[in-house]
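Secondary and tertiary structure notes
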Amino acid sequence: MLKGGVIMDVTNVEEARIAEEAGAVAVMALERVPADIRKDGGVARMSDPEMIKAIKAAITIPVMAKARIGHFVEAQILEALNVDYIDESEVLTPADEIHHINKHNYKVPFVCGCRDLGEALRRIAEGAAMIRTKGEAGTGNVVEAVRHTRAVMGAIRALQTMDDDELYVYAKEIRAPVELVRQTKHLGRLPVVNFAAGGVATPADAALMMQLGMDGVFVGSGVFKSGDPAKRARAIVQAVTHYNNPKVLAEVSSCLGEAMVGIDVRDKNFTSYAQRSE
Ligand SMILES: O=C(CO)[C@H](O)[C@H](O)COP(=O)(O)O
């Protein structure tokens, strides 16, 4: 349903309208974009239901919202609010460092992050209807999203050359159910849509993720921490639609104003969100 689209983090009604007008296929309603979550520190939790309801009332595109990893009660609350998707997100502070939510217990679809094929298939086994790379949200630095995308896509390509008899040991090695490994091999892709997320900040970043084989892109801090959010939001949507057309990419990359200031993930004080769960 959302394939080929951009999903934007928004923190209020005004930003939600900017995202909708720019052509986003959905929004992620949250109180602070990941760059601000990093800046503020402390515990990041599910957003206030009132702000989620206000955003739902203001726009017509689907509204997603985040629950903490393993926080099945936050997920119950979001389901009661009739959000369109729940993101079980490492961007919030995990509530359970061992167990993810059993997503089969809900009618609402879930999206979950991954760094590699094994992690993607574990989340699908728990009931995730959509996968995204984790990247490193809030950094404006696409390097980890590229790493995770290459890990997933490379593993799927390697799977194509494996003999079916080899899948049992491979499934054990990547800690994923063999049935899902077999299905991925035969489909030549994940059995659910797979979006890029975490660090996408420019139209070129978004097109890069699409050319690497992603089905769509999540953008948060990159839009609303930039000099001209409305213009950048439109440009990123155009870049995802025309990801294989460098002429259009050149056009939409022009005169966008300031991009968000990024964070070097190799800095010794850097806190990884992607490594908070596996
Ligand atoms: O958690 C998310 C996706 O589920 C965020 O929407 C996304 O990762 C935002 O990251 P960034 O602020 O780096 O664009």
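Let me begin by describing the structure that accompanies this report.

The rules we used
- Residues numbered from 1 in each chain as written.
- Predicted model: local features only at pLDDT ≥ 70, side-chain atom pairs only at ≥ 80, totals over all residues.
- Heavy atoms only, no water.
- Helix = DSSP H or I, 4+ residues; strand = E, 2+ residues; numbered from the N terminus.
- Buried < 20%, exposed > 50% of the residue type's maximum accessible area, 1.4 Å probe, protein only.
- Contact = heavy atoms within 4.5 Å.
- Near = heavy atom within 4 Å.
- Polar contact = N/O pair within 3.5 Å; in protein donor to acceptor, adjacent residues only side chain to side chain.
- Areas by Shrake-Rupley, 256 points an atom, 1.4 Å probe, with all protein chains shown as cover.
- 1 Å grid on protein atoms, 1.4 Å probe; cavity = no way out; pocket = protein on both sides within 12 Å on 5 of 7 lines; lining within 4 Å.
- Sits in = over half its atoms within 2 Å of the grid points.
- Nonpolar A, V, L, I, M, F, W, Y, C, P; charged D, E, K, R; others polar.
- Points joined across faces, edges and corners; volume = space filled by probe spheres on them.
- Pairing = 2+ DSSP bridges.
- Right-handed = clockwise from strand over helix to strand, strands pointing away.

Structurally, His71 is set in the loop between β3 (63-68) and α4 (72-80). With a relative accessible area of 22%, His71 lands in the partly exposed category. When residues no more than four places from it in sequence are discounted, the contact partners of His71 are Ala95 and Ile101.

Below, the discussion takes up the site of the ligand. In the vicinity of the ligand, 17 residues are found, and the nearest of them are Asp9, Lys66, Asp87, Arg132 and Ser221. Asp87 places a polar side-chain atom, nitrogen or oxygen, 2.4 Å from an oxygen atom of the ligand. With respect to the ligand, the side chain of Arg132 contributes an N or O atom lying 2.7 Å from an oxygen atom. Protein chains bury 100% of the 370 Å² of accessible surface belonging to the ligand in isolation. Most atoms of the ligand, that is more than half of them, are within 2 Å of grid points of the largest cavity. Counting residues per element, the ones that place at least two in the shell around the ligand are β4 (85-89) and β8 (216-219). The residue inventory of the shell around the ligand, partitioned by class, reads seven nonpolar, six polar and four charged.

As a further point, take empty space enclosed by the protein. Counting across every chain of the model gives two cavities of 30 Å³ or more. Of the pockets and cavities examined, the largest cavity occupies roughly 190 Å³. Residue lining of the largest cavity: 23 residues in total, with Asp9, Pro34, Ala137, Ala197 and Gly198 positioned closest to the centre. Looking at the lining of the largest cavity, the elements with two or more residues in it are β8 and α10 (221-224). Split into classes, the residues belonging to the lining of the largest cavity amount to nine nonpolar, eight polar and six charged. Residue lining of the second largest cavity: Ile69, Glu88, Glu90, His100, Cys112, Gly113, Arg123, Lys134 and Ser277, and that is the complete set. In terms of residue class, the lining of the second largest cavity is built from two nonpolar, three polar and four charged.

Next up on the list: the pairing of strand β1 (residues 6-10). Across a regular strand the side chains alternate sides, sitting on one face of the sheet and then on the other. Most of β1 sits out of view: five of its five residues are buried. As judged from the three bridges shared by β1 and β8, these two strands associate in the parallel manner. In the sheet register, Met8 faces β8, and the bridge partner there is Val219. With four bridges connecting them, β1 and strand β2 (residues 26-29) associate as parallel partners. In the sheet register, Val10 faces β2, and the bridge partner there is Ala29. Between the parallel pair β1 and β2, the chain is carried across by helix α1 (residues 13-22), and the sense of this crossover is right-handed.

None of the figures reported here should be taken as evidence of function without further support.
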